[in-house]
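Here's the letter readout for the chains.
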There are 2 protein chains.
Amino acid sequence: MTAQAAAGTPAVEFIPLGGIGEFGMNMHLLVCGETAVLIDAGVMFPEPELFGVDLVLPDLSLLEAWRGKIKALILTHGHEDHIGGVPHVWPLFDGPVYGTEFTLALVKPKLEEHGIDIDDRLVPVKARETVQIGPLRVEFLRVPHSIPDCVALAIHTPQGVIIHTGDFKIDQTPLDGETFDYHRFAELGSQGVLALFSDSTNADRPGFTGSERDVIDGFEEIFSSATGKIIVTTFSTSMYRIQLLVDLAEQFERKIALLGRSMQQNTAIAIELGHLKIPAGLQIRDSDVRDYPAQDVLCVCTGSQGQPNAALPRMAIDDHRHIKIGPDDVVAFSARVIPGSEKAIARVMNHVARRGAAIVADGSRHIHVSGHGSAEELKLVLSLVRPKVFVPIHGEYRQLARHARMAPLVSPRSHVLVIEDGDVVRFENGEGRVVDKLPTGRVLIDGTRTGEIADEVLRDRRHLAGDGLVVAVVAINGRTGAIEQPPEIIARGLAVDPRHDAMLKEAPEWLIRAVEGALPEERTDPGLLKERIRIEMQRMFRKRAGRRPLVLPVVLEV
Amino acid sequence: MTAQAAAGTPAVEFIPLGGIGEFGMNMHLLVCGETAVLIDAGVMFPEPELFGVDLVLPDLSLLEAWRGKIKALILTHGHEDHIGGVPHVWPLFDGPVYGTEFTLALVKPKLEEHGIDIDDRLVPVKARETVQIGPLRVEFLRVPHSIPDCVALAIHTPQGVIIHTGDFKIDQTPLDGETFDYHRFAELGSQGVLALFSDSTNADRPGFTGSERDVIDGFEEIFSSATGKIIVTTFSTSMYRIQLLVDLAEQFERKIALLGRSMQQNTAIAIELGHLKIPAGLQIRDSDVRDYPAQDVLCVCTGSQGQPNAALPRMAIDDHRHIKIGPDDVVAFSARVIPGSEKAIARVMNHVARRGAAIVADGSRHIHVSGHGSAEELKLVLSLVRPKVFVPIHGEYRQLARHARMAPLVSPRSHVLVIEDGDVVRFENGEGRVVDKLPTGRVLIDGTRTGEIADEVLRDRRHLAGDGLVVAVVAINGRTGAIEQPPEIIARGLAVDPRHDAMLKEAPEWLIRAVEGALPEERTDPGLLKERIRIEMQRMFRKRAGRRPLVLPVVLEV
C-alpha cells in the first residue's frame, strides 16, 4: 500500500486530548469513518500550582462526540503517562484494550483497584503482530525505552500508513536484546508513509541518549567503595535499571530489598513475566534489612521525585518502619527529575544529608540515562520513515518546535505540522492539515496519594462550587515547629448542610491535630507540613462530613 | 601572628543569620568582645510556596542583642544575595560599609531608592588593603566570580586568622586579569589559619568549573549562523558575559541593545567604572532596534529566571513596547537556573517557541559557566589554607555536607563543623565549636516587582493578622481565557475598618478587571495570570484601602 490513497476514501483524523504542548497525560484519538481508536490513556502528575490534587487526566468530555464509534484502546507501553487513565476511559467504550503482555499486566491491578470487571477486554499483542479494527490495521513495532515491552504503532489506514512512535530511544545494546525495529521502519519508509507522529521529549538534547548499560560504570564505583547500605531510588517501572542493580548486588554480595508499594507490585509482575530475574536467596524483605550488616544490603526504593509518602522520603526524615539511613550509607538518585519536582527532591536530599549519608546524583556520577531519544535518534527515525507529514508529539511547545526544526534537514520533503492538544489534523488525498480546534481541558483526580485508591474521586474543576474550597492557615515557629497562633480555616462553596457549621467549628482542631501529629522534621519543613495538612484535612472532611473540598494549606513561618 | 592565640584573649563568635542551610540571603555576624561586624547583607528570591512575596530577608531581630556593638558592614561582592538587604540593615548601626568600588556602586542606587542619606558611610576598599575595626583587622583578597571586583576576607582576630571566601571560583583566565590571590592564601596558610568559611554552592559538581571565556565558542557558533536578531538573557550583573557579547557584536558587526531596567542601570555603572567597555557607536536604544535589519542586532536582556515583568518574558508574550521576537531570531538563555524558577523559565521558552524563534539553552551549547568553584577548586582552597577549623557556608544542607566530606581528604587535620543558620560558633583557645543556637527567621518584602520600590513594605509574617489574607478565586476557560463563573473573594484578618465592607464588595470587580486587562497569552497561562492578579489586586487594596494583604490567586481552568 502506498501513502497516496485514492480520492473518495474516508478521511482520517487525529485529535490529541493530551500530551501535545505539555508533558504527560498522553491520549490521542484516531478516527476513520465510523471507527475511532484511542492511542494511550495517560495521566500526569500535578504541577505545584494545582494544590491538593493527586493526578491530572485529560477532560474526556471531548470523546462524547465519538461515543459508540470508539472501538479500541491501543497502549504503547506501561508508564503512568500512557496507562494511568485506563480505568477512567474504560467505561466509555466496549471494545478491546490492546497492549503487550507487560503493559497489560501493569494495567490490570489499576482496573482491579477500581473494582472493574476486566472480562476478556485486555488483548495481548506482540511486536510485529497486527490487529484489524474496522478499516484500520494496526501493526506493533518494537522500540526500546526505559520500561520493557514497548511498541510503536504503524497504522494502515485508507489514506496511507501512519506511524506513532510512542516513547522510544535507540538503545543499541538493550539489556533484553530487544532492539529498535530498524528493518520494519525502513521497509515502511521505502513503501511510503503518510504521517509520522514522533516523541519529542528530548528534542532539545544533542547527540545520542545512550544505552541503559551506560550507568553500569557509575554504579560499579558506588558498589566498590560503599561501606554502608547502598540505597537507590528509581522509578518502579524501570526494570532495566533494577535488573542492573540486582546483577551488581549479586556480584558484590549484597542482599537486595525492594521498598515501596509500587516497587514491590511492579517488580513482582516483572519477575512473573520474565522481565526481571532475581537469583534465589538474593532478595530480602524490608523488615529483615536490620538483621544484615549495612555493607551487605542494597535497597531499591520509590520516591525519586520526592513524593512525601514514598519510601525514600520517609526514610530521609527517619520515619520508615524498618529502615534507617546511617552515616556510612550512600543514597543514589537514579531517575529523571520530572519538571516541577526539583524542590521536593532537593528537600529529600537535604534530609538525607542530615542523616549523614553520602548523596550521589547525576552530575557527580553517571547513574541515570534517559529513556527518550535525543536529537540524533529523532533524526534517524525521520530519515528512516521519510513521512509526507511529520507531527512532533509528547512535549511542551518548545520541544515540539525544536523537533520540527530537524525535519527540513533530514527529510526535506516532509510537511511539518506543529500542533497542540485539541487540534484536529485531517488526512485526505495524501495530505494532512489542521482543520479545527476542539476544546480540551483537564480533570483532577484526588485520593490516590493517601493510598485510598478505591475511594478516588474525579474532580472536574467545574464542580468546585459543589466541592468547595478550604484554606487552612497555620503559623508555625520556624525553629521548633510549634503552633504560634490559633489556626484559621477559611471555607467557601461547601454545599449547605446541617453539619456545615459544626464541621467548620471542628476544623481548626483537625488542623491543630494534623500539625501536632507531624514529625519534628515535617514541622520545620513547610513543604512537608503542607502535604501532611492537606492529606489530613481532606481525610477529616471526607470522614466527618462526606465532603471533598480542595484544601489549600498556607503555612506561615514565624 | 599564629592561629594559636594566648588564653585570656576575648573569644570570637560567628553567627549566621542566613545563607547556611539555604541558598541566598547571606548574612553573617562576627563578634569579638565589644565589636561586631556584619559580613554581607543579602536577600533571596521567594520560593513558589511564598505566594505574593517579592523578596526574602533574614529576620534582623536577632541583631538586637548586638545593637550598639555593630561597628561595620563588610561586603564581599555586589550580587543581590550579598547586598540586597543593605538598605534594611543600614539603620541598625552607624559605622562604615566596606566594599570594593564596583560593589558599593551597586549598593548606592538601592540606598537612594530607599531615600537614605548615604553621607560618608560607604567606604571603598581595594584588594590587598586592610581596615581595622576594633580588635579586628580585615584584609581584602581578590577572588574571581561571575561579577567583577569580588573579594574574600582574611580577618585577623585575637584568636587567629579567619578566612571567609565570599563567593568565588578559580578562573585561571579571568577576562579582567584579576586572578585568584593564590599567593596570599598560601602565605596565610603557611602562617596558620584558625578557620576557613568557604562557598559550597557547587560542592556537588565534580572537576573544575571553568573560565568565563569557555562560553566564547558556543556564542561564536550562534553569531556565525544566526540570520535574525540574537537575543541573550543573562543576569544584569554578569559583566564578563556582557563584555564577551559586546566583543562578539563588534566582531560580527551587530549593534547591541541592553534591555530591562536593571540591565541598563548596572551596565551604566560598569561602564563608568571601567568594568564594561562598549566601543562608540555600537550601542543602540531599545526604541531604535526596529530601525535596524534583524541580522544586525544583538539584544541583551533581563528575565533569565522567567520573572514575568522582565524584558525577555514580556517579549515572549509579544508585550514589549519596542521589540518583537521573530521566526528567524535566536533566543539564548545564558544564566544559571535558580532552584524554583524551572517552571517559569520553561513557560518563557514555550512562549518564545510560539513566536517561531530558535532557543539555545545550556545542554544544546555551552553558553553558560557557573561563577562558583566546583569540587576541585574547593579542595584547592582547603589545601592552600589548611585551617584548624573548616566551616562550609553558602548552600543547602546537602551542599554543605558534600563540602564537609572533602576536607578529610585534603586537609586531614582540619576540624569540620557543619552548621546552619542560627548556630553560634565560638572560637577560643585556638579551637572552634558550636555553643548555642539562636532563633532565626525570615522577613518578607513586598512591592519591588511592581516597580514601586520606594513604596516597599517589610512584611513580617507575624503581622499577617494585621495585613490580612485575600484568596482570589477565578474560573477561566482554559482555551479562550474567558471568565466562566463569578469570581470569589475570600478575605481574612483584614483589620476592621469602615471601608472594609465596601472594599470587599468592590474586590470581585477588581479581579474581573485584572483578568480582562491581561493579554490573551497571559489569560491562557495560569502561571502568568496568577502573577497579574496578584499584582493588580495588591495594587487595588493598597490604593483604595491602604491595606497590604497577602494575595493568594487561585486560577481554575475550566
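Draft legend 1. A look at the pattern of salt bridges. The tally for this structure, following the rule as stated, stands at 47 salt bridges over all chains. Residues Glu178 of chain A and Arg142 of chain A are paired through a salt bridge, measuring 2.8 Å at the closest nitrogen-oxygen approach. Of this pair, Glu178 of chain A sits in the loop between β11 (160-164) and α4 (182-191) while Arg142 of chain A sits in strand β9 (residues 136-142), placing them 36 residues apart in sequence. Take Arg142 of chain A: its relative accessible area is 11%, and that puts it in the buried class. Notably, a salt bridge pairs Arg184 of chain B with Glu139 of chain B, separated by 2.4 Å at the nearest N-O pair. Of the two residues, Arg184 of chain B is situated in helix α4 (residues 182-191) and Glu139 of chain B in strand β10 (residues 136-142); the sequence distance between them amounts to 45 residues. Residue Arg184 of chain B is classed as buried on the basis of its relative accessible area, which comes to 12%.

Draft legend 2. Inspection of the environment of Gln243 of chain B at higher detail. All names here are of chain B. Secondary-structure assignment places Gln243 in helix α6 (residues 239-251). Judged by its relative accessible area of 13%, Gln243 falls in the buried class. Distance from Gln243 to Asp286, taken between C-alpha atoms, is 18 Å for residues 43 residues apart in sequence. Filtering out sequence-adjacent residues up to four positions away, Gln243 remains in contact with Leu175, His275, Leu276 and Lys277.

Draft legend 3. Highlighting the pairing of strand β22 (residues 431-437) of chain A. Residue and element names in this part refer to chain A. Where strand β21 (residues 423-428) and β22 come together, six bridges link them in antiparallel fashion. Note that in β22 the partner of Glu428 across the bridge is Glu431. Turn length for the β21-β22 hairpin, with the two strands adjacent in sequence and antiparallel, is two residues, and the turn residue Asn429 shows positive phi of about 50 degrees.

Draft legend 4. Spotlight on the confidence of the model for chain A. Residues and elements named next belong to chain A. For chain A, per-residue confidence averages 89 on the pLDDT scale, and residues scoring 70 or more make up 90% of the total. Residue range residues 1-5 is modelled with pLDDT below 50. Its contacts to residues more than four positions away, or to other chains, number 19 contacts. Segment residues 448-465 is flagged for pLDDT under 50; beyond a separation of four residues in sequence, or across chains, it makes 56 contacts in the model.

Draft legend 5. Region of interest: the environment of Gly260 of chain B. The topology assignment puts Gly260 of chain B in the loop between β15 (255-259) and α7 (261-272). Setting aside chain neighbours within four positions, we find Gly260 of chain B in contact with Thr302 and Ala311 of chain B.

Draft legend 6. Up close: the sheet that holds strand β5 (residues 70-74) of chain A. Residues and elements named next belong to chain A. Reading across the sheet, the eight strands line up as β7-β6-β5-β3-β2-β1-β21-β22 and stay open at both edges, with mixed pairing between neighbours. Because the sheet does not close on itself, it has two edges, and the strands there are β7 (122-125) and β22. Sheet twist, expressed as the average angle between the axes of neighbouring strands with direction ignored, equals 25 degrees. The strands touched by helix α3 (residues 101-113) within the sheet are β6 (97-100) and β7, with β6 carrying the most contacts at an inclination of about 125 degrees.

Basis of the calculations
- Residue positions are counted from 1 within each chain, in the order its sequence is given.
- Chains and ligands are labelled sequentially in the order written, the chains with letters from A and the ligands with numbers from 1.
- At least 70 in pLDDT is required for a residue's local features to be given in this predicted model, at least 80 for side-chain atom pairs to be given and counted, and no such filter applies to totals for whole chains, interfaces and linings, which use all residues.
- Calculated side-chain values reflect all of the structure's heavy atoms, with hydrogen atoms and water omitted.
- When a carboxyl oxygen of Asp or Glu lies within 4 Å of a side-chain nitrogen of Lys or Arg, that pair is called a salt bridge.
- Think of it this way: any DSSP run of H or I at least four residues long counts as a helix, any run of E at least two long counts as a strand, and we number them from the N terminus.
- Categorising residues by exposure relies on relative accessible area from a 1.4 Å probe, with only protein chains included: less than 20% of the type maximum marks a residue as buried, more than 50% marks it as exposed, and the intermediate range marks it as partly exposed.
- Any two residues whose heavy atoms approach within 4.5 Å at even a single point are treated as in contact.
- A pair of strands counts as paired when DSSP detects no fewer than two bridges linking them.
- Note: pLDDT gives the predictor's confidence per residue, expressed from 0 to 100.
- A fitted line through C-alpha atoms represents every axis, and for helices the fit uses only the stretch in contact; the resulting angles, taken between N-to-C directions, go from 0 to 180 degrees.

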